[in-house]
Amino acid sequence: MPRPGYWTVFVDLSSGEVTREPVETQANQDLLGGCGVGWKLAADHLLARADPLSPDNKIIINPGLLVGTLTPGTPKTTSITKYPTYASDDERFYVGASTVGGRYFGVALNRAGCQHLVISGKAPSPVYLRIRDEKIELVDAEDLWGRGIEEVTNELVREEGPETGVMVIGTAGENLVRNALSIVDKTNSLGRGGLGAVMGSKNLKAIAVNGSGDVEVENPEAFFNFSQELRERVYQWPKRDHWIKLGLAAGWDTFKHTQYPGIWPKSEWDELYGEKTRLATVEEVIACNSCILSCRLKWKIKGGEYDGEVGYGSPFSKSATSGMLLGVKDFRKMIHIVADANSNSGMDFYTTTRIIDFATKMYEMGRLGKEDTGGLKLRRDYDTYLKLYQMMIKREGFGDVLADGWHRLKKEFGLDPQEYWYAGICKGMDFIYDARPSNFHPLMMSFFTRTRPHHGGSHTRTNSRNKTMEEIREQVEAWGLPQEVIDRIFTEAPYCGSFNVGRYTKHMEDMMRVKNSLGLCSIYSYQGLIFGHDMARLYNAATGESLTADELIKCGERISNFAKLVNVREGFSREDDKVPELWFRPMDTPEGRIEMHDYFNTKVITKEDAGKMLDDYYQERGWDVRTGTPTPEKLKELGLEKYSSKQNQTALA
Amino acid sequence: MRIEGIVIIPSMCRGCRSCQLACSYVRHGVFNPAKSVIVMDREVETDHTVPVILPLSCDLCGGNPACLRACPYGAIVANTEHTSYKILVQT
Ligand code: SF4
Ligand code: SF4
Ligand code: SF4
């Protein structure tokens with residue numbers, strides 16, 4: 001919000017110097033504050049082609065504009081950095097934004113007047129960053145280094161006080177495991193692709209924030225009243241009771257179809273990992289700040305060798321898919337790994353378990369041998385999985401190879417990650433969903449059109465199955481797009497079914513940028529509860545502006561272009577926005593053959609179809625369809641021409 | 001109906017802090033938990049939270065408690081029986 005005390009704080013870990021600059025009002029108006037301004041900071045301050053694990057990389061943290069207000073579900077903070085996951089054979093790295101909720105962290109940053117935090121350099125020895133309003137300093141963290149996430153979070157909260165927001169890494173981040181995450185306020189994970197390793201490379205163990213200031217809005221009465229109206233609307237949602245009972249443990253009925261890895265019959269999966277196991281394990285459902293839905297879980301393992309183990313976050317969906325992939329029938333054993341990853345090491349459970357699945361299978365097939373693994377037999381059993389998990393965290397022996405991710409398996413052993421059998425890989429990252437059981441809907445497309453190949457923040461109605469055309473259309477109309485755009489989206493195209501997936505995806509992504517800038521959790525848009533018009537009303541009441549929903553989405557488009565530009569500088573183009581090969585291969589399962597279909601299951605999507613959808617996407621973006629990059633005309637239209645010049649690109653290179 | 005007393009049900013609290021934000025808004029027109037008359041008791045190990053309303057500063061919003069209206073999870077409810085107590089905590 002253009003208000004006094006709205007700052008960008010620069011922290012140089014190498015020198016320990018902290019400086020602050022007021023954010024220009026213009027940047028706020030054009031980019032909606034939050035991650036929008038964050039992307040501008042990335043364009044201005046990130047060095048092109050810098051090694052992500054070197055002091056040259058930066059972490060740019062941006063609490064959403066509305067974080068700390070009473071608007072339902074606005075806790076999100078966005079973190080932008082260059083991620084250390086190898087994104088291509090020639091070892092390029094993408095710059096991406098990841099978002100996180102939480103109860104304390106984002107709110108504390110906004111209250112401390114720290115709307116953008118740009119962290120650069122590398123501390124000579126382990127530190128944590130302590131923010132107490134304007135007092136920002138580096139504190140020695142030798143005693144925290146090597147310790148687990150939950151333990152360190154508790155210690156920092158005890159030391160810094162009960163309002164403290166904490167973002168922390170575990171040993172995976174310290175050891176520069178390329179998939180390592182950061183964990184915020186114990187319950188929320190941040191930065192798939194390796195933000196944790198970037199923090200580790202900077203000797204930055206944690207950020208502990210306290211702020212005492214107000215979160216003010218320009219027109220308090222209008223803002224408060226409309227927030228109340230939105231709350232009433234969410235209370236009326238018929239599924240709310242079920243949702244607040246189970247949080248992220250809800251939805252097995254959808255999940256078991258959309259994320260089916262195709263090895264066991266669904267009935268067996270139901271029995272081993274279904275609703276029953278979830279109900280038996282959930283202890284508490286936790287809400288992020290101002291959230292009236294709540295989805296974060298606190299859970300406890302009952303029975304078995306891990307009896308009594310408690311964890312935070314959401315263990316169910318990930319343990320169910322990886323459990324089937326690895327053939328582990330006791331869900332408690334998989335949840336035990338989730339618990340360790342979230343509360344202790346900070347490993348990314350998805351990538352870790354899938355790489356383990358791939359490596360052990362390759363060993364079984366004789367494509368990896370004892371000579372490759374340092375003498376270790378890679379058996380397909382739980383004990384081996386646990387051992388590999390620990391070896392990855394410590395980068396011990398063969399674990400060092402796996403800690404570098406898919407790319408290193410290819411480089412050293414010629415094992416192409418595109419051969420992996422579930423979900424697919426793009427820009428070096430394994431996806432969470434597979435488009436064959438899920439169908440090829442807009443979220444699937446945004447996995448490879450987005451700069452960082454991850455779905456976070458993009459959820460809309462089409463991620464769920466069996467929505468009607470009317471429902472999908474109503475939602476897009478409520479986003480507030482102009483009629484001619486809506487007509488384009490809903491013009492039938494033979495290659496993608498009843499609506500145009502490429503064009504839908506473009507606007508969905510721009511909406512996501514708006515949500516991230518404001519700090520709105522995408523569960524609210526996923527469930528069809530808060531739309532573009534609503535966000536415009538909130539934004540206007542908060543800032544005193546008078547933007548229409550369409551204008552707001554235009555700002556979202558500007559942010560998307562900023563994100564792309566930063567990545568063009570890193571050498572990314574249409575070549576990299578590739579649909580995973582795997583999706584075109586049918587999946588043979590005990591339930592029959594599954595091929596990739598359109599959303600309404602009317603046709604099988606071919607490579608040619610997917611290419612046409614990608615053409616549509618770039619065309620809708622007004623980008624060069626051949627290169628998949630922003631054109632000078634588009635940049636001019638968005639007022640970003642300065643960033644298109646060759647000079648800017650080489651100056652930064 | 002005028003509400004004469006509040007009951008806090010600690011086990012229902014999910015830590016969303018809507019109560020604090022609503023309280024600071026009705027009292028000061030800003031969002032700031034520190035300007036509400038509710039202190040959030042955060043149990044560090046379990047991460048459970050319980051709102052503690054400061055009875056001397058709370059005026060029950062003149063009979064229409066904003067915190068109660070804002071609580072999405074039924075952790076702050078109206079006291080319909082013990083009207084002589086302004087704030088009760090269910091144990
Ligand atoms: S729905 Fe879940 S992630 Fe989103 S704000 Fe609520 S608790 Fe946080
Ligand atoms: S009833 Fe008391 S605690 Fe609740 S909002 Fe009003 S003044 Fe604040
Ligand atoms: S009392 Fe209600 S409003 Fe306050 S934090 Fe707990 S759940 Fe949220």
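These numbers were taken from a predicted model, which means no experiment stands behind them.

Novice: Which parts of the structure should I look at to understand the overall build of chain B?
Specialist: Counting its secondary structure elements, chain B contains two helices and five strands. In chain B, the succession of α and β elements from N to C terminus is β-α-β-β-α-β-β. Compactness check: chain B gives a C-alpha radius of gyration of 12 Å against a globular reference of 12 Å for 91 residues, within 12% of the reference. Taken over 91 residues, chain B has a buried fraction of 56%. Put simply, chain B has 8 plus and 7 minus side-chain charges, and the middle of one group is 11 Å from the middle of the other.

Novice: It is not clear to me how the sheet that holds strand E4 (residues 77–82) of chain A should be interpreted in this structure. Could you clarify?
Specialist: Two modes of strand pairing occur in sheets, parallel and antiparallel, and in both the strands are linked by backbone hydrogen bonds. Residue and element names in this part refer to chain A. Here we have six strands laid out as an open sheet, ordered E2-E1-E6-E3-E4-E5, and mixed in their pairing. Bordering the open sheet on either side are strand E2 (17–22) and strand E5 (95–100), each of which pairs with just one other strand. Averaged over all adjacent pairs, the angle separating strand axes in this sheet is 20°, with direction ignored. Note that strand E3 (residues 59–63) and strand E6 (residues 114–120) share three bridges and pair antiparallel. Within the sheet, the bridge partner assigned to Ile60 lies in E6 and is Val118. Running over the sheet, helix H2 (residues 34–45) touches strand E1 (7–12), E3, E4, E5 and E6 and is turned about 160° from E3.

Novice: How should the interface of chain A and chain B be read in this particular structure?
Specialist: When the parts of a complex come together, some accessible area is lost, and that lost area is often used as the size of the interface. Facing the 43 residues of chain A at the interface are 27 residues of chain B. Summing both sides of the interface, chain A and chain B together bury roughly 2,900 Å²; the carbon and sulfur share of this comes to 44%. Linking A:Lys186 and B:Asp47 is a salt bridge whose minimum nitrogen-to-oxygen distance equals 2.9 Å. Put simply, chain A and chain B have 31 residue pairs in polar contact (both at pLDDT 80 or more) between them. Here the side of chain A that touches chain B takes seven residues from helix H7 (residues 220–235) of chain A, the largest share from any one element.

Novice: For this particular structure, what's the right way to read the site of ligand 2?
Specialist: Not every one of the 13 residues close to ligand 2 is listed here, only the nearest: B:Cys23, B:Cys58, B:Leu60, B:Cys61 and B:Cys67. Mapped onto the shell around ligand 2, the elements with two or more residues apiece are helix H1 (18–28) and helix H2 (66–70) of chain B.

Novice: Would you mind showing me how to read the nonpolar core here?
Specialist: Nonpolar side chains tend to gather and get buried jointly when the protein is soluble and globular. Residues and elements named next belong to chain A. If you look at the biggest cluster of nonpolar residues, it comprises 179 residues, and the most contacted ones within it are Trp39, Tyr273, Phe398, Phe440 and Trp583. Per-element accounting of this core gives the leading share, nine residues, to helix H25 (residues 549–568). Discounting chain neighbours no more than four positions away, the residues touching Phe398 are Ala359, Leu368, Asp372, Thr373, Leu378, Leu388, Met391, Leu409 and Phe413.

Novice: Is there a simple way to explain unusual backbone geometry in this structure?
Specialist: Glycine aside, residues mostly have negative phi angles, and peptide bonds mostly take the trans form. All names here are of chain A. Of note in this structure, Leu32 is not a glycine but carries a positive phi near 65°. Note that Leu32 resides in the loop between helix H1 (25–31) and H2. With relative accessibility at 0%, the residue Leu32 sits in the buried group. The backbone phi angle of Ala423 is positive, close to 75°, even though this residue is not glycine. Relative to the helices and strands, Ala423 resides in the loop between helix H17 (406–413) and strand E16 (425–426).

Novice: Teacher, can you tell me more about the pairing of strand E7 (residues 127–132) of chain A here?
Specialist: On any regular strand, side chains alternate: one points to one face of the sheet, the next to the other face. Residues and elements named next belong to chain A. Most of E7 is tucked away, with five of its six residues classed as buried. Judged from the six bridges that link them, E7 and strand E8 (residues 135–140) form a sheet pairing that is antiparallel. Each bridged residue has a counterpart across the sheet, and for Arg132 the counterpart in E8 is Lys135. The loop that links E7 with its antiparallel partner E8 comprises two residues; one of these, Asp133, has a positive phi angle of about 50°. Inspection of the sheet shows E7 paired to strand E12 (residues 204–210) by six bridges, in the parallel sense. In the strand pairing of E12, Arg130 is matched with Ala208.

Novice: Could you clarify how one ought to interpret the sheet that holds strand E11 (residues 188–190) of chain A in this entry?
Specialist: Residues and elements named next belong to chain A. Pairing within the open sheet is mixed, and its six strands lie in the order E8-E7-E12-E9-E10-E11. The open sheet has two edge strands, E8 and E11, and neither has a second partner. Between one strand axis and the next, the sheet turns through 20° on average, direction left out of account. Its contacts with the sheet put helix H4 (residues 149–160) on E7, strand E9 (165–168), strand E10 (182–184) and E12, and the angle it makes with E9 is roughly 145°.

Novice: How should H1(B) be read in this particular structure?
Specialist: All names here are of chain B. Taken across its eleven residues, H1 has eight buried, putting it largely inside the fold. Buried within H1 are the following residues: Ser18, Cys19, Gln20, Leu21, Ala22, Cys23, Ser24 and Tyr25. Looking one or two residues beyond H1, the residue adopting positive phi is Gly29, at roughly 70°.

Novice: Teacher, can you tell me more about H2(A) here?
Specialist: An α-helix turns once every 3.6 residues. As a result, residues three or four positions apart point the same way. Taking 1.5 Å of rise per residue, twelve residues should cover 16 Å, and H2(A) covers 16 Å from first to last C-alpha, within 8% of that figure. All buried positions along H2(A) are accounted for by A:Gly34, A:Cys35, A:Gly36, A:Val37, A:Gly38, A:Trp39, A:Lys40, A:Leu41, A:Ala42 and A:Ala43.

Novice: Looking at this structure, how should I read the domain arrangement of chain A?
Specialist: Residues and elements named next belong to chain A. The domains assigned to chain A are domain 1 (7–210), domain 2 (238–250 + 262–421) and domain 3 (429–652). Taking only C-alpha atoms into account, the centre of domain 2 sits 28 Å from that of domain 3. Taken together, the contacts link 19 residues of domain 2 with 19 residues of domain 3. Taking both sides of the interface into account, the surface hidden between domain 2 and domain 3 amounts to around 1,400 Å²; carbon and sulfur atoms contribute 56%. A per-residue breakdown of the area domain 2 buries against domain 3 is headed by Gly262, Leu293 and Gln418, which together make up 31% of the total. Where domain 2 packs against domain 3, one counts zero salt bridges.

Novice: Hey, could you run me through the packing of aromatic side chains in this one?
Specialist: Working definition: an aromatic ring pair is given by the centre-to-centre distance plus the angle between the planes. Residues and elements named next belong to chain A. Inspection of every chain in the model, using the stated rule, returns 34 aromatic pairs over all chains. A centroid spacing of 6.3 Å and a plane angle of 45° characterise the contact between Phe440 and Phe448, whose relative ring orientation is tilted. The same class applies to Phe440 as to Phe448, namely buried. Relative to Tyr643, the ring of Phe562 has its centre 4.8 Å away and its plane inclined at 75°; by these criteria the two rings are edge-to-face. One end of the pair, Phe562, is in helix H25; the other, Tyr643, is in the loop between helix H27 (632–637) and helix H28 (646–652), and 81 residues separate them in sequence.

What counts and what doesn't
Residues numbered from 1 in each chain as written. Chains lettered and ligands numbered in written order. Predicted model: local features only at pLDDT ≥ 70, side-chain atom pairs only at ≥ 80, totals over all residues. Heavy atoms only, no water. Helix = DSSP H or I, 4+ residues; strand = E, 2+ residues; numbered from the N terminus. Rg over C-alpha atoms; globule rule 2.2 N^0.38 Å. Buried < 20%, exposed > 50% of the residue type's maximum accessible area, 1.4 Å probe, protein only. Lys, Arg positive; Asp, Glu negative; His and termini not counted. Charge placed at Lys NZ, Arg CZ, Asp CG, Glu CD. Pairing = 2+ DSSP bridges. Axes fitted to C-alpha atoms, helices over the stretch in contact; angles between N-to-C directions. Contact = heavy atoms within 4.5 Å. Buried area = accessible area lost by both parts, 1.4 Å probe. Salt bridge = Lys/Arg side-chain N within 4 Å of Asp/Glu carboxyl O. Polar contact = N/O pair within 3.5 Å; in protein donor to acceptor, adjacent residues only side chain to side chain. Near = heavy atom within 4 Å. Core = buried A, V, L, I, M, F, W, Y, C linked by side-chain atoms within 4.5 Å. Expected span 1.5 Å × (residues − 1). Domains from an automatic or database assignment. Phe/Tyr/Trp six-rings, centres within 6.5 Å; stacked < 30°, edge-to-face > 60°.

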